[in-house]
Amino acid sequence: MMTLDTLAGGTDARITGVDWKLLAGDEAKRLRALGVDEGAQIAILHRGIFGTRDPLAIRIGQMTIALRRSHAQAITVETI
Amino acid sequence: MSRSDPALHRIAALVGNPNSGKSALFNALTGARQKIANYAGVTVERKAGRLALPGGGSIELLDLPGSYSLDAASPDEEVTRKVVHGEFAGEAIPEVLIVVLDAANLEQHLVFAQEVLELGHPTVVALNMVDLAERDGLTLDPAALSEALGVPVIPTVAVRRKGITELAAAIAEAKSHADEALHSRWRLTQPERRLSAKHMARGAILSKSTRHTVENGIDRTLLNPWVGPVILFAILFVIFQAVFAWATPFADALEGVVGSFTGFVTDTVPPGLVRDFLTEGVLAGVGSVVVFLPQIVILFFFILLMEASGYMARAAFLMDRLMAGVGLSGKSFIPLLSSFACAIPGIMATRSISDPKDRLTTILIAPLMTCSARLPVYAVIIAAFIPPDSVAPGVGLQGLVLFALYVAGIVGAMVVALVLRGTVTKGAASGFIMELPRYQLPRIKDLAIGLWQRAWVFLRRAGTIIFVATIALWVLLSFPKAEPGESQMDSSIAGHVATGLAVVLEPIGFNRQISLALIPAMAAREVAVSALATTYAVDTDDEDLAAQAVTERIAADWSLPTALAFLAWFVFAPQCLSTIAVTRRETNGWKWPAFMVGYLFVLAYVFAGITYWSAVALGL
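Just so you know, these numbers come straight off a predicted model, no measurement behind them.

Colleague: Help me understand the overall build of chain A, please; the structure alone is not making it clear to me.
Modeller: A count of helices and strands for chain A gives 2 helices and 6 strands. Ordered by position from N to C terminus, the α and β elements of chain A give β-β-α-β-β-β-α-β. Expected size for 80 residues packed as a compact globule is a radius of gyration near 12 Å; at 11 Å, chain A falls within 12% of this value. Averaging the positions of the 10 positive and the 9 negative side-chain charges in chain A gives two centres separated by 4 Å.

Colleague: What is the right way to look at the sheet that holds strand 3 (residues 41-47) of chain A in this model?
Modeller: Strand pairing in a sheet is mediated by backbone hydrogen bonds. Such pairs are either parallel or antiparallel. Taken together, 7 strands build an open sheet; the order of strands is 1(A)-6(A)-2(A)-3(A)-4(A)-5(A)-12(B) and the sheet is antiparallel. Strands at the two margins of the open sheet, each flanked by one partner only, are strand 1 (2-3) of chain A together with strand 12 (434-436) of chain B. Looking at chain direction, strand 4 (residues 56-60) of chain A and strand 5 (residues 63-67) of chain A are connected through 5 bridges and run antiparallel. Paired with L56(A) across the strands is L67(A), a residue of strand 5 of chain A. Packed on one face of the sheet, helix 13 (residues 311-324) of chain B meets strand 3, strand 4 and strand 5 of chain A together with strand 12 of chain B and runs near 120 degrees to strand 12 of chain B.

Colleague: Please clarify how the environment of G66(B) should be interpreted in this entry.
Modeller: Residue and element names in this part refer to chain B. Take G66: it is sitting in the loop between strand 4 (58-63) and helix 2 (75-84). Through-space distance from the C-alpha of G66 to that of T80 is 7.9 Å; in sequence the pair is 14 residues apart. Among residues more than four places away in sequence, those in contact with G66 are G16, N17, P18, K22 and E77.

Colleague: Just to check I follow, could you spell out the interface of chain A and chain B for this structure?
Modeller: Bring the parts together and some accessible area is lost; that lost area is often taken as the interface size. Between chain A and chain B, the contact holds 30 residues from the first and 36 residues from the second. Taking both partners together, chain A and chain B bury about 2,900 Å²; carbon and sulfur atoms supply 59% of that area. Of all residues in chain A, R30(A), I49(A) and R68(A) bury the most surface against chain B, accounting for 23% of the area lost on that side. The interface formed by chain A and chain B holds 3 salt bridges in total. Notably, a salt bridge pairs D71(B) with K29(A), separated by 3.3 Å at the nearest N-O pair. At the boundary of chain A with chain B, the tally comes to 10 residue pairs in polar contact (both at pLDDT 80 or more). Secondary structure elements with two or more residues in the side of chain A that touches chain B: helix 1 (25-33), strand 3, strand 4 and strand 5 of chain A. For the side of chain A that touches chain B, the class distribution of residues is 13 nonpolar, 7 polar and 10 charged. Where strand 5 of chain A and strand 12 of chain B come together, 3 bridges link them in antiparallel fashion. The partner of A66(A) across the bridge, within strand 12 of chain B, is M434(B).

Colleague: Would you mind going over the nonpolar core with me for this structure?
Modeller: A general tendency of soluble globular proteins is for nonpolar side chains to be buried together. If you look at the biggest cluster of nonpolar residues, it comprises 104 residues, and the most contacted ones within it are I365(B), I381(B), F510(B), W558(B), F566(B), W569(B) and F570(B). Formed by 42 residues, the second largest nonpolar core is a distinct cluster that contains V84(B), L101(B), V151(B) and A201(B).

Colleague: I keep staring at the UniProt feature "transmembrane region" (unreviewed entry) in chain B and nothing clicks. Help me out?
Modeller: Residues and elements named next belong to chain B. In this numbering, the UniProt entry assigns the feature "transmembrane region" (unreviewed entry) to residues 226-247, 282-304, 362-386, 398-420, 458-479, 558-582 and 594-615. Structurally, residues 362-386 is divided into 60% helix and 0% strand, and its ends, taken at the C-alpha atoms, are 33 Å apart. Secondary structure over residues 594-615 splits into 100% helix and 0% strand, and the C-alpha atoms at its two ends are 31 Å apart.

Colleague: Would you explain helix 5 (residues 142-149) of chain B in this entry?
Modeller: Think of an α-helix as 3.6 residues a turn; residues three or four steps apart then line up on the same face. Of the residues flanking the start of helix 5 of chain B, the one acting as N-cap is D141(B), its side-chain oxygen 3.2 Å from the backbone nitrogen of A143(B). Directly beyond the C-terminal end of helix 5 of chain B, a positive phi value near 80 degrees is found at G150(B).

Colleague: Any chance you could explain the packing of aromatic side chains here in plain terms?
Modeller: Centre distance and the angle of the planes are the two values used to describe a pair of aromatic rings. Residue and element names in this part refer to chain B. Tallying each qualifying case throughout the model produces 13 aromatic pairs over all chains. Note on W246 and F302: the rings are 5.9 Å apart at their centroids and 40 degrees apart in plane angle, and the pair reads as tilted. Linking W246 in the loop between helix 9 (227-245) and helix 10 (247-268) with F302 in helix 12 (residues 293-309), this pair joins segments that are 56 residues apart in sequence. Classification of F302 as buried rests on a relative accessible area of 11%. Here the aromatic cluster, defined as three or more aromatic residues joined through ring pairs, consists of F385, F510, W558, F566, W569, F570 and F601. The ring of Y439 carries the charged tip of R314 above its face, separated from the ring centre by 4.2 Å. Residue placement shows R584 over the ring face of W590; its charged tip is 5.5 Å from the ring centre.

Colleague: Help me out: how do you make sense of the pairing of strand 3 (residues 45-52) of chain B in this one?
Modeller: Two faces, one strand: in a regular strand the side chains alternate between the faces of the sheet. Residues and elements named next belong to chain B. Taken across its 8 residues, strand 3 has 6 buried, putting it largely inside the fold. Of the pairings in the sheet, the one linking strand 3 to strand 4 comprises 6 bridges and is antiparallel in character. In the strand pairing of strand 4, A52 is matched with S58. Linking two consecutive strands that pair antiparallel, namely strand 3 and strand 4, is a turn of 5 residues; a positive phi of about 85 degrees is found at G55 within it.

Colleague: What am I meant to see in the pairing of strand 4 of chain B here?
Modeller: All names here are of chain B. By the criterion of burial, strand 4 is predominantly enclosed, with 5 of the 6 residues buried. Across 4 bridges, strand 1 (residues 11-16) lies against strand 4 in parallel orientation. When the bridges of strand 4 are listed, I11 appears paired with E60.

Reading guide: rules and limits
- The residue numbers shown here count from 1 along each chain, following its written sequence.
- As they are written, the chains are lettered A onward and the ligands numbered 1 onward, keeping that order.
- The predicted origin of the model limits local features to residues at a pLDDT of at least 70 and limits the giving and counting of side-chain atom pairs to 80 or more, whereas totals for whole chains, interfaces and linings rest on all residues.
- Note: side-chain values were computed over all heavy atoms of the structure, leaving out hydrogens and water.
- Per the convention used, a helix needs a DSSP run of H or I reaching at least four residues, while a strand needs a run of E reaching at least two, with both numbered from the N terminus.
- Only C-alpha atoms enter the radius of gyration, while the globule expectation follows 2.2 Å times N to the 0.38, with N the number of residues.
- All tallies of charge rest on Lys and Arg as positive and Asp and Glu as negative; His and the ends of each chain are not included.
- Charged groups are reduced to one reference atom each: NZ for lysine, CZ for arginine, CG for aspartic acid, CD for glutamic acid.
- Strand pairing is assigned whenever DSSP detects at least two bridges linking the two strands.
- Here, residues are in contact when the closest pair of their heavy atoms is within 4.5 Å.
- For helices, the axis comes from a line fit to the C-alpha atoms of the stretch in contact; other axes are also lines fit to C-alpha atoms, and the angle between any two N-to-C directions lies between 0 and 180 degrees.
- Summed over both partners, buried area is the accessible surface (1.4 Å probe) that two parts give up on being assembled.
- By salt bridge we mean one thing: a side-chain nitrogen of Lys or Arg within 4 Å of a carboxyl oxygen of Asp or Glu.
- For the purposes of these results, a polar contact is taken to be a pair of N or O atoms within 3.5 Å, where, inside protein, one atom must be able to donate a hydrogen and its partner to accept one; residues adjacent in sequence count only when each atom of the pair is a side-chain atom.
- Lys, Arg, Asp and Glu make up the charged group, whereas Ala, Val, Leu, Ile, Met, Phe, Trp, Tyr, Cys and Pro make up the nonpolar group; the residues left over, Gly among them, are polar.
- Nonpolar cores are built from buried Ala, Val, Leu, Ile, Met, Phe, Trp, Tyr and Cys residues. Side-chain atoms within 4.5 Å join them into one set.
- Only protein chains enter the accessibility calculation, which uses a 1.4 Å probe; a residue is then buried when its area is under 20% of its type maximum, exposed when over 50%, and partly exposed in between.
- UniProt positions are given in the numbering used here, feature names are shortened, and annotations may be inferred rather than shown by experiment.
- A pair of Phe, Tyr and Trp rings is counted when the ring centres sit within 6.5 Å of each other, with Trp represented by its six-membered ring. The angle between the planes then sorts it: under 30 degrees is stacked, over 60 is edge-to-face, the rest tilted.
- Two thresholds decide whether a charge sits over a ring: the Lys NZ or Arg CZ must be within 6 Å of the ring centre and within 35 degrees of the ring normal.

And the structure:
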């Protein structure tokens, strides 16, 4: 089991689970509304500056969305 | 639920995900005549316009805030939710809803469309940006989509006015069914909606060529960890050059217009109270606000350009890590940047921050960014006290001091943000989740409408409040009238206030002249220069001449510790009245502007004091 923040850039993956408890209420809602949920296909496109490489730009569906590593740590994925 | 409360007029409303091209569609449907106001109790804009319906008549059209879901995650989405449910006090329930979809992103946008359709209102779907979908290699079947959704689907390209007449006709048709009962549909769960959105999108896509979207390629450069920030700072550099360089001739021209009005009044109105009121009160007050208009328009031109093109979200992405260090997010970056020109457009730009606590924190620290109005004050004091030596080849001491003052403001803002996030705006660490929209070529007309709205909001709101405030200041400075042989400043109410203030300000090295100058500087910071000039009775109207003369006077009259303390004071305060007015407007009350003014004055006092006493102790 790996979390989204450890996924290599450009690798296609599928979301196997989201630990919603780790996310603030509104953030969970927003992520869900953007299509982040079990079964969705996802890939990391870009990473931010500096040592932490935060935030992440990910592709989900037809969209590119930015989120922080702390969000990505709540999302478990498997490569496909 | 009453469908038609006669007290409220009938409205139709546009709803859709952010980045669906909803605002461009709204502009195409209603033209430039739009009414912008704030929803009562929240700082969410209510945008309304008139839509002429084919076959005569018209209806008020609302552009509701972009929403990903009716299960609201931000104040914007809460407004949309309440309005479409008819729960928003003072707003009629919309008779017709127009759901705007991004044709190239149906799988996502159809989720929200289903949520809206479940409400059972007469609804029309605008399949927007079909041209961009074609660019991405998609061929769509609106008829199939219409069948699946059970409502009319009209393909549109808002920016080229394609499908606008057809959409208006469909809205008119839907409106004729508005008095029928609601046809509430079966409610689905969010995963069910997502699944059915996927099926519907598949059914509506006739063909799909595997052409690559351009975004990933552009982003590879613009979001590159090394190249991206360099490009961002190059763009910012150009913007700041433009804000200062381009605005000057316009600001000068506006000043000239105000000046000729003043001349006209001086020539036609007999000397006396009425003339003084018009020239020193009304025209000086209005003039001091209007001169900022060119800077605001130019700054907002670039901000709107970055927003419309899709670059703004990338700038936020690049700066997020840095802002996270003080408990903010990338979304605060642009408002804070704008505040270097003027805190007013900066505070207005905080509307793009969805998290209320982030937004409040950003508003509260915006005045710490060194605005252009502080520059004349810094320039005068530095010229008077800092020798034009060079500390290194090409690095002058005066420039270094100016730079240090800017840095002091930034560092102060960051520290204050950290403290505020741990105290008054405490909350869960603000996240940063945002869609990076596709790149688009902005359309001139949409930019023009946006600019006009910003300029108008600035002139009307800040203008009315500062107008009243400057008149109040003028009254304080003009009454009671001085006896012959006494100075007007000394006998006025403001003069007496200054005498009182001097007691408080003397411990931090300020003399009585400074205390007096600080009162009119509340109206606009750069007024401090002309106010000092007036108190030193340098009788000239030319600002440059006044500045030069006052430089010599204060160089002779002030000690170096006093001058340094004065500079430190201006890093934090005084607040200008327009900033306070805009803060009141944007936070919907007096609580936060009062807090802001309070903390800034405390900081100003403490740091001016520390500066003064350190300088004295060092024997400067």
